[in-house]
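Here are the chains, one letter per residue:
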Amino acid sequence: MSFFAPSAPSKYIKFTNPGDSVQGYVEEVSDPFPVKEYKTEKPKLDSKGNPVMQVRMILATPDSQGEGDDGRRSLYVSGWRMTTAIGDAMRRAGETAEAPKPGAYLKLTFARLGQASGGMAPPKVYVAEYTKAPAASAGMAAHADQESKAAMRTGESDTATPWGPPPQSTGSAPW
């Protein structure tokens, strides 16, 4: 993604309560960038002093909330619990890439709160389902014009998404 050609704005996803979930087709995945502290805007550091990194993933979801909302959602992926859930789902689906690919189908759910320790808040535990992109979907996504993609997202076309219904999922993690 270029500085001069940023992606279109999209609403971001927040997992507040157990059971909160998002699902959709991956449109793009950014390069990793540092998480910033809320008030100071300084890079957040881990216990070893290294910057905590995240990626921004754009998902085409069926969650349009009316006019002006195309259903695209930004998912900020950071923290080992979320990245592990997605990575495990990718491996179960046979994905060999290091990051989700455009055209893949992803479902991420805030499953439950984990065990709190050391006076910290209990961690969020996530589960993910991932279905690899069909071989032609990356090319379809790159060459589809904006009108047809928007029509597909809003249900104004013959199919609900540019790639049709999701292929059979590998399912959630066994735990």
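The present account deals with the structure reproduced in this document.

Cut-off values and rules
Residues numbered from 1 in each chain as written. Predicted model: local features only at pLDDT ≥ 70, side-chain atom pairs only at ≥ 80, totals over all residues. Heavy atoms only, no water. 1 Å grid on protein atoms, 1.4 Å probe; cavity = no way out; pocket = protein on both sides within 12 Å on 5 of 7 lines; lining within 4 Å. Points joined across faces, edges and corners; volume = space filled by probe spheres on them. Helix = DSSP H or I, 4+ residues; strand = E, 2+ residues; numbered from the N terminus. Nonpolar A, V, L, I, M, F, W, Y, C, P; charged D, E, K, R; others polar. Pairing = 2+ DSSP bridges. Buried < 20%, exposed > 50% of the residue type's maximum accessible area, 1.4 Å probe, protein only. Contact = heavy atoms within 4.5 Å. Salt bridge = Lys/Arg side-chain N within 4 Å of Asp/Glu carboxyl O. Phe/Tyr/Trp six-rings, centres within 6.5 Å; stacked < 30°, edge-to-face > 60°. Lys NZ or Arg CZ within 6 Å of the ring centre and 35° of its normal.

## Section: the layout of surface pockets
For the largest pocket, the calculated volume is near 1,100 Å³. In terms of lining residues, the largest pocket is bounded by 28 residues, among which K44, S78, G79, K124 and Y126 are the most central. When contributions to the lining of the largest pocket are tallied by element, the ones reaching two or more residues are strand 5 (72-78), helix 1 (80-92) and strand 7 (124-131). For the lining of the largest pocket, the class distribution of residues is 16 nonpolar, five polar and seven charged. Its boundaries defined by the atoms lining it, the second largest pocket holds a volume of some 300 Å³. Every residue lining the second largest pocket is counted, 17 residues in all, and those nearest its centre are V55, V77, T83, E98 and P100. For the lining of the second largest pocket, the secondary structure elements donating two or more residues are strand 4 (53-60) and helix 1. Looking at which element gives the most residues to the lining of the second largest pocket, the answer is helix 1, with five residues. In terms of residue class, the lining of the second largest pocket is built from eleven nonpolar, three polar and three charged.

## A look at the pairing of strand 6 (residues 105-113)
Relative to strand 6, strand 2 (residues 21-29) runs antiparallel, the two being bridged by five bridges. Residue pairing for strand 6: S21 is matched across the bridge by T109. With eight bridges connecting them, strand 6 and strand 7 associate as antiparallel partners. Within strand 7, the position partnered with F110 by the bridge is Y126.

## With respect to the side chain of D69
By the secondary structure assignment, D69 is in the loop between strand 4 and strand 5. Relative accessible area serves as the criterion here: at 8%, D69 is assigned to the buried category. Leave out the neighbours within four places in its chain, and D69 touches K11, D63 and S64.

## A few points about the environment of A111
Mapped onto the fold, A111 is located in strand 6. Taking the C-alpha atoms as reference points, A111 and V127, separated by 16 residues in sequence, lie 6.2 Å from one another. In this structure A111 touches P18, G19, V125, Y126 and V127, once residues within four positions along its chain are discounted.

## Thoughts on the pattern of salt bridges
Tallied over the entire structure, the rule returns four salt bridges. E27 is the salt-bridge partner of R72, the closest N and O atoms lying 2.7 Å from each other. Placement of the pair is R72 in strand 5 and E27 in strand 2, with a sequence separation of 45 residues. Exposure class is identical for R72 and E27. Each is buried.

## Here we look at the packing of aromatic side chains
Scanning the model with the defined rule gives three aromatic pairs in all. Ring geometry for F110 against Y126: centres 6.0 Å apart, planes inclined by 45°, an arrangement best described as tilted. On the criterion of sequence distance, the pair formed by F110 in strand 6 and Y126 in strand 7 is long-range, its members being 16 residues apart. On the accessibility criterion, F110 (1% relative accessible area) is buried. Every member of this aromatic cluster is reached through a ring pair, and the members are F15, F110 and Y126. Across the ring face of F110, the terminal group of K124 is positioned such that the distance to the ring centre comes to 5.2 Å.

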